[in-house]
Amino acid sequence: MALDESQEPNQLHFLFVPMGSPGHYIPTIDMAKLLAQHGGVRVSIVTTPVNALRFGSILDQPIQSGLPISFLEFPFSYKEFGLPEGCESIDDLPNMGLAGALMQAYASLQKQVEEYIEKLDRRPDCILADTFLLWPSETAKKFRIPRVMFDGMNCITQMCNHVLYLSKVYETVGESESFVLPGLPDRIELRRTQLPFAFTLNNKTMSEFNEKLRVSEAEAYGVVVNSFEELEQDYVDEYQKVRDKVYCIGPLSLCQKDESENIQRGNKSSINKHECIKWLDSRENGSVIYACLGSISRIEPAQLIELGLALEASKRPFIWVVRAGHKTEKIEKWIDEEGFEERTKDRGLVIRGWAPQLLVLSHPAIGGFLTHCGWNSTLEGISAGVPLVTWPQFQEQFYNEKLVVQVLRTGVSVGVTKTVFWGNEVESGVVVKSDEFIKAIEMIMEKGIEGDERRKRAKQLSKIANKALEEGGSSQRNITRLIQDIRIQSSFK
Ligand code: UDP
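Residues numbered from 1 in each chain as written. Predicted model: local features only at pLDDT ≥ 70, side-chain atom pairs only at ≥ 80, totals over all residues.

A. A look at the confidence of the model for the protein. Across the protein, pLDDT averages 93, with 96% of residues at or above 70. Across the whole predicted complex the pTM is 0.96, and at the interface the ipTM reaches 1.00. (pLDDT = per-residue confidence, 0-100.)

B. Layout of the pairing of strand β1 (residues 12-17). Counting buried positions along β1 yields 5 of 6 residues, so the element is predominantly enclosed. As paired elements, β1 and strand β2 (residues 41-47) share 5 bridges and run parallel to each other. Of the residues in β2, the one forming a bridge with L15 is S44. Pairing geometry for β1 and strand β4 (residues 126-130), over 4 bridges, is parallel. Looking across to β4, one finds that L15 is bridged to I127. (Buried ≥ 20, exposed ≤ 12 C-beta atoms within 10 Å, placed from the backbone. Helix = DSSP H or I, 4+ residues; strand = E, 2+ residues; numbered from the N terminus. Pairing = 2+ DSSP bridges.)

C. Summary view of helix α9 (residues 233-242). When α9 is considered as a whole, its buried residues turn out to be Y235, V236 and Y239. Looking down the long axis of α9, one finds its buried residues gathered within 105° of arc, a one-sided arrangement. Taken together, the buried residues of α9 touch α6 (155-167) and β9 (246-248). (Arc of directions from axis to C-beta. Contact = placed C-beta atoms within 7 Å.)

D. Expanded view of the site of the ligand. Taken together, 20 residues surround the ligand, and among them G23, G294, S295, G374 and S377 come closest. Elements that contribute at least two residues to the shell around the ligand include exactly α1 (22-38) and α16 (375-384). Per-element accounting of the shell around the ligand gives the leading share, 4 residues, to α16. Inspection of the shell around the ligand shows a minimum of three residues originating in each of domain 1 (12-254 + 468-491) and domain 2 (269-466). (Near = placed C-beta within 6 Å. Domains from an automatic or database assignment.)

E. Region of the structure containing the domain arrangement of the protein. For the protein, the domain assignment lists domain 1 (12-254 + 468-491) and domain 2 (269-466). For domain 1 versus domain 2, the separation of C-alpha centres amounts to 26 Å. Domain 1 puts 37 residues into the contact, and the matching count from domain 2 is 27 residues. Considering every element that reaches the side of domain 1 that touches domain 2, the biggest residue donor is α1, with 4 residues. Grouping the constituent residues of the side of domain 1 that touches domain 2 by class yields 18 nonpolar, 13 polar and 6 charged. (Nonpolar A, V, L, I, M, F, W, Y, C, P; charged D, E, K, R; others polar.)

As structure tokens, then:
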């Protein structure tokens, strides 16, 4: 990738530092596009060889059309940290035990990035870095550059974590007892078993990391959030009370200007675009269930089979994305050799690997999205105006479920009460039975008053989401505010 250092005198330079995971990389690249499209800004994205190849294609077209974005590619130390060659992303890790090594390899980029900054005639005006990378905080301080954080989540998550951290209420309840998170705008009730690992894993490394994270968060100049104010206004307001400079600039996925950009997102799609559209075009509007569980969860074959059985029993058209990963053979055997695909071939499409999710969600045939509640997927579903079946796995996904099902009332939960521990899914066993999936799918697809109302709310939210990024919309205004604030900071240099 070319290292483009050309900069107009009045142009601000944002240096982006993403973390290796599709759920963080994809929105970071969308954000680069949004800022560069806004004008007066050029963006350089710190990247590594495989990530550049993997995610770079999203930017080919925008760069060709003259958007001032470039990749700064640095070598990645696989061997030194015991990572398999080419492993630069969480979804590529052979096991969760190597997550620490991956973080260390990312930390080793600090020296190279600082050497790059030192060589520049003019320092970047802003470092926009992933919250989970701690070193950009030191780099920003060293070069006196304002740092803006991005963690890929929303304001309800920030507030749930905040009140839990302050109140420690979860320490006073039993494992599976539900309790109300204190001081939030809605009555959010959760069990201890549904909380992010930061509150449940009692180990020294995790506690130390969380402490450093909190310090780094407090020191940041501001935070950009992939959300829009109208979606969670009460939580945006609360978050602004606890921290300065919150910029909701989403939904980031809506930065795509045309359909061709929808297909080029993240990995190469495992299905031909025309084949996918042809299949969708042949279905009635609002009739298809789309089931996709993000990029990093590694659901056990026995659990996936329960989902497959539910899709089969629903008798409705469906698209099921089965991610290639470990244990693929077992699930493939069930889908192929044991006849699932044959039995459902008249109404089912199995995508093995990577789906063109935005393209699928934006098609009028889609009537429901069964999601693991990763924030990107959740927001993409909301932006497309599709009601959701929520099946959270871990981390903040349970908060996202609460937002969708309880606050926005555009989703139906399959009813999970326990996180699945990533890397140890076998122990979690089968958490959701096919009957529970069937119940939630039926509720989301039913044509009665309740379903109609839910669909109406979902469509309305989609309209508001799209408006947020139009000229004069709340997210556009926040992008302008972010750029203006950085310009003011820059003038003090
Ligand atoms: N995604 C996709 N196709 C797939 C799986 C995932 O395009 O087959 C994209 C999805 O659109 C989203 C991201 O990958 O932008 C996943 O992020 P999310 O926060 O939903 O979940 P995570 O993978 O981080 O758990």
